[in-house]
Amino acid sequence: MAESPFKVLVADDDPISRRLLEHSLAKWGYEVVSAGDGDEAWKLLNDPNGPNLAILDWVMPGLDGDEICRRMRAEQRPITNYVYAILLTSRDSKEDLVNGIESGADDYIAKPFDPQELRVRVRAGQRICELQSELIVAHETLRKLAMQDQLTGILNRGAILERLECELSRSRRQCRSLTVALADIDHFKAVNDTHGHQAGDCVLQQFVRRVESNRRLYDSIGRYGGEEFLIIIPETDQESARVVLERIRKAVADGPMHYGDIPIAITVSLGATISRPDLDVDALIQAADTALYRAKNAGRNRGEFWGGT
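Every value quoted in this text rests on a predicted model; they were computed, and no experiment measured them.

About the cut-offs
- Residues numbered from 1 in each chain as written.
- Predicted model: local features only at pLDDT ≥ 70, side-chain atom pairs only at ≥ 80, totals over all residues.
- Heavy atoms only, no water.
- Disulfide = S-S within 2.5 Å.
- Buried < 20%, exposed > 50% of the residue type's maximum accessible area, 1.4 Å probe, protein only.
- Salt bridge = Lys/Arg side-chain N within 4 Å of Asp/Glu carboxyl O.
- Pairing = 2+ DSSP bridges.
- Helix = DSSP H or I, 4+ residues; strand = E, 2+ residues; numbered from the N terminus.
- Axes fitted to C-alpha atoms, helices over the stretch in contact; angles between N-to-C directions.
- Contact = heavy atoms within 4.5 Å.
- Patch = residues over 30% accessible without salt bridge, like charges linked within 9 Å, V, L, I, M, F, W, Y side chains within 5 Å.
- Areas by Shrake-Rupley, 256 points an atom, 1.4 Å probe, with all protein chains shown as cover.
- Lys, Arg positive; Asp, Glu negative; His and termini not counted.
- Charge placed at Lys NZ, Arg CZ, Asp CG, Glu CD.
- 1 Å grid on protein atoms, 1.4 Å probe; cavity = no way out; pocket = protein on both sides within 12 Å on 5 of 7 lines; lining within 4 Å.
- Points joined across faces, edges and corners; volume = space filled by probe spheres on them.
- Nonpolar A, V, L, I, M, F, W, Y, C, P; charged D, E, K, R; others polar.
- Core = buried A, V, L, I, M, F, W, Y, C linked by side-chain atoms within 4.5 Å.
- Right-handed = clockwise from strand over helix to strand, strands pointing away.

## Some thoughts on the state of the cysteines
Okay, so step 1: If you walk through the whole model with that rule in mind, you get zero disulfides.
Okay, so step 2: You can see Cys166 has no disulfide; the closest cysteine sulfur is in Cys175, sitting 18 Å from it.
Okay, so step 3: Its relative accessible area of 48% is what places Cys166 among the partly exposed residues.

Structural data, given as structure tokens:
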């Protein structure tokens, strides 16, 4: 899919100057939106699909260009919504130019503008916006990598614990319970010992896919460690949570995983607990772990609730 053209706002109450700007920018391949006063410009800048760069006449009816810059910067907009601002001005005193930049403008162009100077300054602004977009993408990629278990692609230990903190706080605000479960693949060491660690990795990946396919959309799963996984099931009592966990248990046990042509049958044991006002994250996990040991000691391939049957 072709990239959208770089969008530039031209805000100038002088129709001749505005048309010259529009014509020049369109000729250079920019998508141009226009405003004849500051209030209209402000409205366009607040559109969700607004411009990437704004050329603002300093003196206009309604909001002046420097006031628009000041408002944009005072709002502390997300970095993804940053607009590169160029003031268009006939003022040439150093004091005025300093005041314009201090209001939040990124650059300025003197009236009457020289087309080649305009092109260079707009291109510089575009390059800065594009570099910023690349940095945002890189930052988001690094953020996701920092939260992701590299083998399975789900949340890692730190990220799933952070998610649990958030979900527990939300459940308390809304006076609703949530279920915390630990899932442990039964006899996983035997998989590694018999078929090798690559087979074990393959089993872990397939296990996660089965769990992901059988959880609710708003449930969360993260790798807690080794072959142990933490599952968060919001807004559930014991009976409704048991339905979700049983569906996961059956999905794992109903057919073998495969490492190449080798079928590898596995089962999973689950221990769970329901949140209570007196239990923090550590206590919930400890309770789920206690229930998990009950499931293991009762023969594995089953789910148990702490404090329940």
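Once you've had a look at it, read on.
## Digging into the pattern of salt bridges
Okay, so step 1: Within this structure, the stated rule accounts for 22 salt bridges.
Okay, so step 2: Each member of the salt-bridge network shares a partner with another, and the members are Glu167, Arg170, Arg176 and Glu235.

## A look at the sheet that holds strand S7 (residues 220–225)
Okay, so step 1: Spatially, S7-S8-S6-S11-S12 is the arrangement adopted by the five strands of the open sheet, whose pairing is mixed. Strands with a single pairing partner mark the edges of an open sheet, and in this sheet they are S7 and strand S12 (303–305). Across this sheet, the average inter-strand angle for adjacent strands is 20 degrees, counted without regard to direction.
Okay, so step 2: In this structure, strand S6 (residues 178–185) lies alongside strand S8 (residues 228–234), joined through seven bridges in antiparallel fashion. The residue of S8 that forms the bridge with Thr179 is Ile233.
Okay, so step 3: Across the sheet, helix H9 (residues 238–253) touches S6, S8, strand S11 (268–274) and S12, and the angle it forms with S11 is around 165 degrees.
Okay, so step 4: Helix-sheet contacts for helix H10 (residues 281–297) involve S6, S7, S8, S11 and S12, and the interaxial angle to S11 is about 140 degrees.

## Overview of a negative patch on the surface
Okay, so step 1: Residues Glu162, Glu165, Asp280 and Asp282 make up a contiguous surface patch of negative charge.
Okay, so step 2: In this structure Asp282 comes out as exposed when scored by relative accessible area, which is 60%.

## Here's the deal with unusual backbone geometry
Okay, so step 1: Of note, the amide linkage connecting Lys111 to Pro112 takes the cis form, showing an omega dihedral of -10 degrees.
Okay, so step 2: Positionally, Pro112 belongs in the loop between strand S5 (107–110) and helix H5 (115–147).
Okay, so step 3: For Glu235, which is not a glycine, the phi torsion comes out positive at approximately 50 degrees.
Okay, so step 4: Mapped onto the elements, Glu235 comes out in the loop between S8 and H9.
Okay, so step 5: A positive phi angle, close to 70 degrees, is found at Arg300, a residue other than glycine.
Okay, so step 6: Relative to the assigned elements, Arg300 resides in the loop between H10 and S12.

## Regarding empty space enclosed by the protein
Okay, so step 1: Taken as a whole, this structure holds one cavity of 30 Å³ or more when the rule is applied.
Okay, so step 2: Estimates place the volume of the largest cavity at around 30 Å³.
Okay, so step 3: In terms of lining, the largest cavity is formed by Glu167, Arg170, Ser171, Gln174, Leu178, Pro234 and Glu235.
Okay, so step 4: For the lining of the largest cavity, the element with the highest residue contribution is helix H6 (residues 157–173), accounting for three residues.
Okay, so step 5: Considered class by class, the residues forming the lining of the largest cavity number two nonpolar, two polar and three charged.

## Description of the nonpolar core
Okay, so step 1: Membership of the largest hydrophobic core comes to 29 residues, with the highest contact counts inside it found for Ile185, Val203, Phe207, Phe229, Ile231, Leu245 and Ile266.
Okay, so step 2: With six residues, helix H8 (residues 197–214) is the largest single contributor of residues to this core.
Okay, so step 3: Discounting residues that sit within four places of it in the chain, Leu245 has contacts with Ala181, Ile233, Leu270, Ala272 and Phe305.
Okay, so step 4: Residues Ala41, Ala54, Met60 and Ala105 belong to the second largest nonpolar core, which totals 18 residues.

## Details of the pairing of strand S1 (residues 7–11)
Okay, so step 1: Of all five residues that make up S1, five are buried, and the element is covered over most of its length.
Okay, so step 2: Pairing analysis gives five bridges linking S1 to strand S2 (residues 31–35), with the strands arranged parallel. Across the sheet, Val8 pairs through a bridge with Val32, a residue of S2.
Okay, so step 3: For the crossover that starts at S1, traverses helix H1 (residues 15–27) and ends in the parallel S2, the hand is right-handed.
Okay, so step 4: Of the strand pairs in this sheet, S1 and strand S3 (residues 53–57) are connected by four bridges, and their pairing is parallel. Its bridge partner being in S3, Val8 is matched across the sheet by Leu53.

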